[in-house]
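Overview (structure and organization)
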Amino acid sequence: MSWSNGRFGYSNGPIKGQNGFIRCPKLNYMLLLLLFSSQLFFCYQRIVTPHFLAGMCSNISPLPVRLFKRTKSNTIVLTGLSGSGKTTLFYQLRDGSSHLGTVTSMDPNEGTFVLHSEMTKKGKIKPVHVVDVPGHSRLRPKLDEFLPLAAGIVFVVDALEFLPNCRAASEYLYDILTKSSVVKKKIPVLILCNKTDKVTAHTKEFIRKQLEKEIEKFRASRSAISAADVVNEFTLGVPGEAFAFSQCHNKVTVADASGLTGEIAQLEEFIREYIKP
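Below or above, wherever it landed, is the structure these notes cover. (Residues numbered from 1 in each chain as written. Predicted model: local features only at pLDDT ≥ 70, side-chain atom pairs only at ≥ 80, totals over all residues. Heavy atoms only, no water.)

1. Comments concerning the sheet that holds strand β3 (residues 75-80)
For the record, the criterion: Pairing between strands is defined by DSSP: at least two bridges between the two strands are required. Put simply, DSSP H or I for four residues or longer makes a helix, DSSP E for two residues or longer makes a strand, and each gets a number counted from the N terminus. Axis definition: a line fitted to C-alpha atoms, limited for helices to the stretch in contact. Angles are taken between N-to-C directions and run from 0 to 180 degrees. In this analysis, two residues are considered to be in contact whenever any of their non-hydrogen atoms come within 4.5 Å of each other.
With mixed pairing, six strands are arranged side by side in an open sheet as β4-β5-β3-β6-β7-β8. Strands at the two margins of the open sheet, each flanked by one partner only, are β4 (109-113) and β8 (252-256). Geometrically, the sheet is characterised by an average inter-axis angle of 20° between neighbouring strands, direction not taken into account. Bridge analysis of β3 against strand β6 (residues 150-158) gives six bridges, and the strand direction is parallel. Bridge pairing in β6 places Leu78 opposite Val154. Sitting on the sheet, helix α3 (residues 86-95) is in contact with β3, β4, β5 (128-132), β6 and β7 (189-194), with an inclination near 20° to β4.

2. Structural notes on the packing of aromatic side chains
The condition that has to hold: Think of it this way: a Phe, Tyr or Trp ring, Trp meaning its six-membered ring, pairs with another when their centres are within 6.5 Å, and the plane angle makes it stacked under 30 degrees, edge-to-face over 60, tilted otherwise. The rule is simple: take the accessible area with a 1.4 Å probe, protein chains only, and divide by the maximum for that residue type; under 20% is buried, over 50% is exposed, in between is partly exposed. Here, a charge over a ring is recorded when the distance from Lys NZ or Arg CZ to the ring centre is within 6 Å and its angle to the ring normal is within 35 degrees.
In total, this model carries seven aromatic pairs according to the counting rule given. Ring centres 6.3 Å apart and planes at 80° place the aromatic pair Phe162 and Phe206 in the edge-to-face group. With a gap of 44 residues between them, Phe162 in helix α5 (residues 162-177) and Phe206 in helix α7 (residues 204-223) connect regions that are remote in the sequence. Taking the relative accessible area as the measure of exposure, Phe162 reaches 1% and is therefore buried. By relative accessible area, Phe206 is classed as partly exposed at 29%. Pairing Phe243 with Phe245 gives two aromatic rings, centres 5.5 Å apart and planes at 80°, and the pair type is edge-to-face. Judged by its relative accessible area of 5%, Phe243 falls in the buried class. The exposure class assigned to Phe245 is buried, which follows from its relative accessible area of 4%. Taken together, the aromatic side chains of Phe90, Tyr91 and Phe113 make up a single cluster linked through ring pairs. Lying over the aromatic face of Tyr172, Arg140 brings its terminal NZ or CZ to 4.0 Å of the ring centre.

3. Observations regarding the nonpolar core
For clarity, the cut-off: To form a nonpolar core, buried Ala, Val, Leu, Ile, Met, Phe, Trp, Tyr and Cys residues must be joined to one another through side-chain atoms within 4.5 Å.
Ranked by internal contacts, the top residues of the largest apolar core, which has 35 residues, are Ile153, Leu173, Leu177 and Phe245. Of all elements in the fold, only α4 (143-146), β6, α5, β7 and α7 reach the threshold of two or more residues within this core. Considering each element in turn, this core owes the most residues, eight residues, to α5. Val156, Leu190, Leu267 and Phe270 belong to the second largest nonpolar core, which has 22 residues in total.

Have a look at this one:
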């Protein structure tokens, strides 16, 4: 549109108006179009975009939870002195057989399997990763490789030959209960009194009390050592009180078993308490 001679006419170029300013109808049209577009975009931002993003977020919000959810451990560590029957228990859990007894292991026995007693159950059953760590003193450093991964620790005690090995078993158990990897994660510990099928085997109550007494002696003697010489980062018990397993940072229980006869129900209950099927 133009302003020539006071009449309206069609023109694409700039025309000098009555007030002396240069007017450009095409430019005015473009400015109006730009203004209209900006208003339309503003409305889109205020109305459409929030609803669209809300719908998108509602659909994808569970995704990061599934991606970064930490999986629970399915590892059970069998440990204890040599000759306590750890490997026999390992085979009972895996095969339902003692394999006619075993010899002292020099390397860890390790396997992931469904417990033999659950093989006939229907439905999906979570397998268990079981590690049998040798009890020889020179091979015990291997234990530190598996403890941080453990959902539970089974400390096997020979109930038949307990008294001659009471001090050694107590010291080994003391070291485990004061390890930072065990205390910080509060890994549960089962003291499993094996070979209780024998008539002369000691009861689990007797073994528990004797272990507590021996650990109390270790606690008293080690507390007298300077802090620079202490390897363990944590101490056991309550100052001024006799030691009891109930004072531990993590849960400690005692149970019976017989690897040779396959009486391992309490062991399996412990496993399934912390590794759900």
